[in-house]
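Below are the chains, spelled out letter by letter.
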Amino acid sequence: MGRFLSRLFIPQESNNHRALILQPSFLGLFIAIYLLNQSLLQSLTIARPGILGYSSEITADKVWTLTNQERQLQNLPILQYSSVLSESAAAKAKNMFSENYWAHSSPSGKVPWDFFREAGYQYSVAGENLAKDFYDTESLIKAWMNSPTHRANIINDKYQEIGIGVINGVLNGMKTTLVVQHFGTPLDGRVLASTPPSSTVNTVQNFGPVSSIKPINPALISKTLGSIMFLIIIGVLIVDSYITLKNRTSRLTGSSAGHIGFLLIILALLIFSRQGTIF
């Protein structure tokens, strides 16, 4: 066993002076393990709905506060908190859970404006932002502000009010928190500011199956696996280069270009597998 581990990590004559873990067959095994992990996570959402998910610390109060901070940076008036718009935003989130979809329009044909009307909100202009799978409010607002269409809603000078729905549930077999922003200006021009949610109260409402067990974060699993692979390969590459240069070893095995490319792929996966989705 010790001899095999030595051949696995250290270049020597028995492995043609290239650690086995850096050879194409083992790199292919790494790729297969990563793809298998992604497949198992996907299968788990179907076989055991609610096991996977994202634990969130988002509150409506934080979303309202940080949204207005972005407006103030643009020298725009703050959006007044509307309890009526919050009802429509919460209803939209609940509808996405009940009909199991992630979009502005539901499979049954409901569009955002239907939720405004059902809540009794008559508007001259209105808009909607959606988000899911975010852990904290700061990263959520940052993602919206980095998207031209979502940013346009947040800093739209025609809007005077905002409502926010933050709802927990199971969507497509995965526990998550849906965040809905509903923007609007009353048709009659009367803005009646409501008391915003207290920052000391968790405004996340429970909708659908709820468990006291913290769900397994699939993004964290993938990032952890990718990080382990990245560190193993870069560590072995360093040892390989050191021993090869020290011993001035000439070998017939391939160059390190393929390994560097493999590392860059893993690094890209780690960088771009960001938390959360917006719509």
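My aim in this report is to walk through the structure given alongside it, one point at a time. From a predicted model like this one, the values you see are computed outputs, not experimental measurements.

How each quantity is defined
- For every chain, the first residue of its written sequence is number 1, and the numbers climb from 1 along that sequence.
- Local features in this predicted model are restricted to residues of pLDDT 70 or higher, and side-chain atom pairs are both shown and tallied only at a pLDDT of 80 or more, whereas totals for entire chains, interfaces and linings draw on every residue.
- For side-chain calculations, the full set of non-hydrogen atoms in the structure is used, while hydrogens and water are omitted.
- For helices the rule is a DSSP run of H or I covering at least 4 residues; for strands it is a run of E covering at least 2, with both sets numbered from the N terminus onward.
- N or O atoms closer than or at 3.5 Å make up a polar contact, with two conditions inside protein: a donor-capable atom paired with an acceptor-capable one, and, for residues adjacent in sequence, both atoms drawn from side chains.
- In what follows, residue pairs with any heavy atoms lying within 4.5 Å of each other are defined as contacts.
- Among the buried residues, those of types Ala, Val, Leu, Ile, Met, Phe, Trp, Tyr and Cys that are joined through side-chain atoms within 4.5 Å form a nonpolar core.
- The buried label goes to any residue with under 20% of its type's maximum accessible area, the exposed label to any with over 50%, and the partly exposed label to all in between, with areas taken from a 1.4 Å probe on protein chains only.
- Here, a strand pair is defined by DSSP locating no fewer than two bridges between the strands.
- Exposure above 30% relative accessible area and no salt bridge define the residues that can form patches, which grow by joining like charges within 9 Å and nonpolar side chains of Val, Leu, Ile, Met, Phe, Trp and Tyr within 5 Å.
- Accessible surface is estimated by sampling points in the Shrake-Rupley manner with a 1.4 Å probe; for residues, cover comes only from the protein chains shown.
- Any carboxyl oxygen of Asp or Glu that lies within 4 Å of a side-chain nitrogen of Lys or Arg is treated as forming a salt bridge with it.

**Quick look at the side chain of Thr-67**
Here is step 1 of the chain: Of note, Thr-67 is situated in helix 3 (residues 60-73).
Here is step 2 of the chain: Within the local environment of Thr-67, its side chain forms a polar contact with the side chain of Gln-181, the two groups lying 2.8 Å apart.
Here is step 3 of the chain: Those residues within four positions of Thr-67 in sequence are excluded, and the remaining contacts are Leu-79, Ile-141, Ile-154, Ile-162 and Gln-181.

**Focus on the nonpolar core**
Here is step 1 of the chain: Ranked by internal contacts, the top residues of the largest apolar core, which has 24 residues, are Val-63, Leu-140, Trp-144, Ile-164 and Val-179.
Here is step 2 of the chain: Elements with a minimum of two residues in this core: helix 3, helix 6 (137-145), strand 3 (161-171) and strand 4 (174-186).
Here is step 3 of the chain: No other element matches helix 6, which puts five residues into this core.
Here is step 4 of the chain: Apart from residues lying up to four places away in sequence, Trp-144 is in contact with Val-63, Asn-129, Leu-130, Ala-131, His-150, Arg-151, Ile-154, Val-179, Gln-181 and Ile-278.
Here is step 5 of the chain: Core analysis: the next-biggest nonpolar cluster, separate from the first, contains 14 residues, Phe-97, Phe-115, Leu-130 and Val-180 among them.

**Topic: the pairing of strand 2 (residues 123-132)**
Here is step 1 of the chain: Counting buried residues in strand 2 gives seven out of ten residues, a clear majority hidden from the surface.
Here is step 2 of the chain: Bridge analysis of strand 2 against strand 4 gives nine bridges, and the strand direction is antiparallel. When the bridges of strand 4 are listed, Val-125 appears paired with Thr-185.
Here is step 3 of the chain: Note that strand 2 and strand 6 (residues 277-278) share two bridges and pair antiparallel. Looking at the pairing, Lys-132 lines up with Thr-277 of strand 6.

**What about a nonpolar patch on the surface?**
Here is step 1 of the chain: A cluster of nonpolar residues, Met-1, Phe-4, Leu-5, Phe-9, Ile-10, Ile-228, Ile-232 and Val-239, forms a patch on the protein surface that exposes about 690 Å² of accessible area.
Here is step 2 of the chain: Of all the secondary-structure elements, those providing two or more residues to the nonpolar patch are helix 1 (2-9) and helix 8 (218-247).
Here is step 3 of the chain: Note that Ile-10 resides in the loop between helix 1 and helix 2 (24-47).

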